[in-house]
Amino acid sequence: MTDLNKQNLDEDQIRRLREDLLDTLDEEFEMEIDDRLSDVGAEFKSSNAAARAHYFRELLRLQGELVKLQDWVVATKQRVVILFEGRDAAGKGGVIKRITQRLNPRVCRVAALPAPNDRERTQWYFQRYIAHLPAAGEIVLFDRSWYNRAGVERVMGFCNDEEYEEFFRSVPEFEKMLVRSGLTLIKYWFSITDDEQHARFLGRIHDPLKQWKLSPMDLESRRRWEDYTRAKETMIERTHIPEAPWWVVQAVDKKIARLNCIDHLLQHFDYHEITHEGVQLPARVRNPDYIRNPVPDSMVVPEKY
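Okay, so let's go over this structure. Since the structure is predicted, the reported quantities are computational estimates derived from the model, not experimental observations.

Details of the packing of helix α8 (residues 161-180) against helix α11 (residues 225-239)
Okay, so step 1: Where α8 contacts α11, the axes come no closer than 10 Å and their chain directions differ by 40°. If you check the angle between α8 and α11, you find them oblique. Where α8 crosses over α11, the two elements pack in a sense that is right-handed. Residues Y164, E165, F168, V171, P172 and E175 of α8 form the contact with α11, whose participating residues are T234, M235, R238 and T239.
Okay, so step 2: The class makeup of the residues in the contact of α8 with α11 is five nonpolar, two polar and three charged.

Some thoughts on the sheet that holds strand β3 (residues 138-143)
Okay, so step 1: Pairing is parallel in the open sheet, where five strands are placed in the order β2-β3-β1-β4-β5. Sheet topology places β2 (108-111) and β5 (246-250) at the edges, where each strand pairs with a single neighbour. With strand direction ignored, the average angle separating the axes of adjacent strands in the sheet is 25°.
Okay, so step 2: In this structure, strand β4 (residues 184-191) lies alongside β5, joined through five bridges in parallel fashion.

Some points on the pattern of salt bridges
Okay, so step 1: Under the criterion given, the structure shown has 22 salt bridges.
Okay, so step 2: A salt bridge links D12 to R15; the nearest nitrogen and oxygen atoms lie 2.5 Å apart. On the criterion of helical spacing, the pair formed by D12 and R15 is a turn pair, its members being three residues apart in helix α1 (residues 11-30).
Okay, so step 3: For R15, a relative accessible area of 38% corresponds to the partly exposed category.

Some points on unusual backbone geometry
Okay, so step 1: Non-glycine residue K77 carries a positive phi angle of around 60°.
Okay, so step 2: The phi torsion at R144 lies on the positive side, around 75°, for a residue other than glycine.
Okay, so step 3: Structurally, R144 can be placed in the loop between β3 and α7 (152-156).
Okay, so step 4: The partly exposed category is assigned to R144, whose relative accessible area is 25%.

Comments concerning a nonpolar patch on the surface
Okay, so step 1: Nonpolar side chains collect at one region of the surface, where V295, M299 and V300 lie side by side and expose about 290 Å² of accessible area between them.
Okay, so step 2: As for its placement among the helices and strands, V295 is situated in the segment after α12 (254-266).

Some words on the packing of aromatic side chains
Okay, so step 1: All chains considered together, the criterion is met by 19 aromatic pairs.
Okay, so step 2: Between the aromatic rings of Y125 and F167, the centroid separation amounts to 5.9 Å while the plane-to-plane angle is 90°, which identifies the pairing as edge-to-face. One end of the pair, Y125, is in the loop between α5 (118-121) and α6 (127-130); the other, F167, is in helix α8, with 42 residues separating them in the sequence.
Okay, so step 3: Here the aromatic residues W124, Y125, F126, Y129, F142, W146, Y147, Y164, F167, F168, F174 and W246 are joined through ring pairs into a cluster of three or more.
Okay, so step 4: A cation over a ring is seen here: R87 above W225, with NZ or CZ 3.4 Å from the ring centre.

Considerations on α12
Okay, so step 1: Compared with the 18 Å implied by 1.5 Å per residue over 13 residues, the 19 Å span of α12 between its first and last C-alpha is a close match.
Okay, so step 2: Among all positions in α12, only K254, K255, A257, R258, L259, C261, I262, L265 and L266 are buried.
Okay, so step 3: Taking the backbone nitrogen of K255 as reference, a side-chain oxygen 3.2 Å away marks D253 as the first, capping residue of α12.

Quick word on the side chain of R149
Okay, so step 1: Mapped onto the elements, R149 comes out in the loop between β3 and α7.
Okay, so step 2: The exposure class assigned to R149 is buried, which follows from its relative accessible area of 12%.

Digging into the side chain of N148
Okay, so step 1: When you line up the elements, N148 lands in the loop between β3 and α7.
Okay, so step 2: Residue class for N148 comes out buried when judged on its relative accessible area of 15%.
Okay, so step 3: Residues contacting N148, with those up to four places away along its chain left out, are Y125, Y129, E153 and R154.

Structural notes on the nonpolar core
Soluble globular proteins: nonpolar side chains tend toward being buried together.
Okay, so step 1: In terms of nonpolar packing, the biggest core is built from 34 residues, with I82, F84, I99, Y188 and F190 touching the most fellow members.
Okay, so step 2: The set of elements that each furnish at least two residues to this core consists of α3 (49-76), β1 (79-86), α4 (92-100), β3, β4 and α12.
Okay, so step 3: For this core, the leading source of residues is α3, giving eight residues.
Okay, so step 4: Leave out the neighbours within four places in its chain, and I99 touches L66, F84, L141, I262 and L265.
Okay, so step 5: Grouped together as the second largest cluster of nonpolar side chains are 28 residues, L83, V140, C159 and V171 included.

Parameters at a glance
Residues numbered from 1 in each chain as written. Predicted model: local features only at pLDDT ≥ 70, side-chain atom pairs only at ≥ 80, totals over all residues. Heavy atoms only, no water. Axes fitted to C-alpha atoms, helices over the stretch in contact; angles between N-to-C directions. Helix = DSSP H or I, 4+ residues; strand = E, 2+ residues; numbered from the N terminus. Parallel < 35°, antiparallel > 145°, perpendicular 65-115°, else oblique. Left-handed = near helix turned anticlockwise from the far one by under 90°. Contact = heavy atoms within 4.5 Å. Nonpolar A, V, L, I, M, F, W, Y, C, P; charged D, E, K, R; others polar. Pairing = 2+ DSSP bridges. Salt bridge = Lys/Arg side-chain N within 4 Å of Asp/Glu carboxyl O. Buried < 20%, exposed > 50% of the residue type's maximum accessible area, 1.4 Å probe, protein only. Patch = residues over 30% accessible without salt bridge, like charges linked within 9 Å, V, L, I, M, F, W, Y side chains within 5 Å. Areas by Shrake-Rupley, 256 points an atom, 1.4 Å probe, with all protein chains shown as cover. Phe/Tyr/Trp six-rings, centres within 6.5 Å; stacked < 30°, edge-to-face > 60°. Lys NZ or Arg CZ within 6 Å of the ring centre and 35° of its normal. Expected span 1.5 Å × (residues − 1). Polar contact = N/O pair within 3.5 Å; in protein donor to acceptor, adjacent residues only side chain to side chain. Core = buried A, V, L, I, M, F, W, Y, C linked by side-chain atoms within 4.5 Å.

The following block contains the structure:
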């Protein structure tokens, strides 16, 4: 991270940047953490050690429940779609990472579609999203979804008024059709404040490991905060239907938002633990005629660590 004191930042902004850096370090730590959290908790030296240890305990507990949910989805051939929407830097990617972290990517996958190409722009609007819907026994997480039309496309002028209104006429029927087919559809909106988005954008600007997350569209979204607010309010008002309601996640505190979202997600399903037969590791077959060929030194990755 660059020298923050030379960036004309006030004390609160510096504090937020440092907290964001700690959160980045925590993300890496989560990838290796195991069940011995009572020992890990003692290693934290910061004043919020107890809160961080509690977060890790709850995250692992909820991820264990997600594994049970995954097994149940496979066993009962459920089809699940979860939409994650929100402003840039609202924390959608963070919760998606925690949901998928310990799941089978063949069962639970992420759909994060790029901007449509020339051919896709001539298709029926929902067509390219349909290709990513789950089959039986699958969960698909949309990191942004068909609601791009109600948000970024509307604010940035990528669709005209007729296309915008047609979206609102079509999307309730489209989602009702998905639900009638037996698919479970859950829609989350991650809500952050103007001040919090500003702080998170500063974190990306001043952290070289996160600068790739900033696009010209992200920067423009700061200038058009109020336009995005109006677009979001209209979107929720016109697409909050009983068959597929919106759920708002308060996401100023990223860690709490992750736990709340995963816990709420689990409550949508009357799942139960699937009993599996015990796994027996077979004995290795040893052939006296087999000789393992040595690997040439030129092919071996240097052991620097």
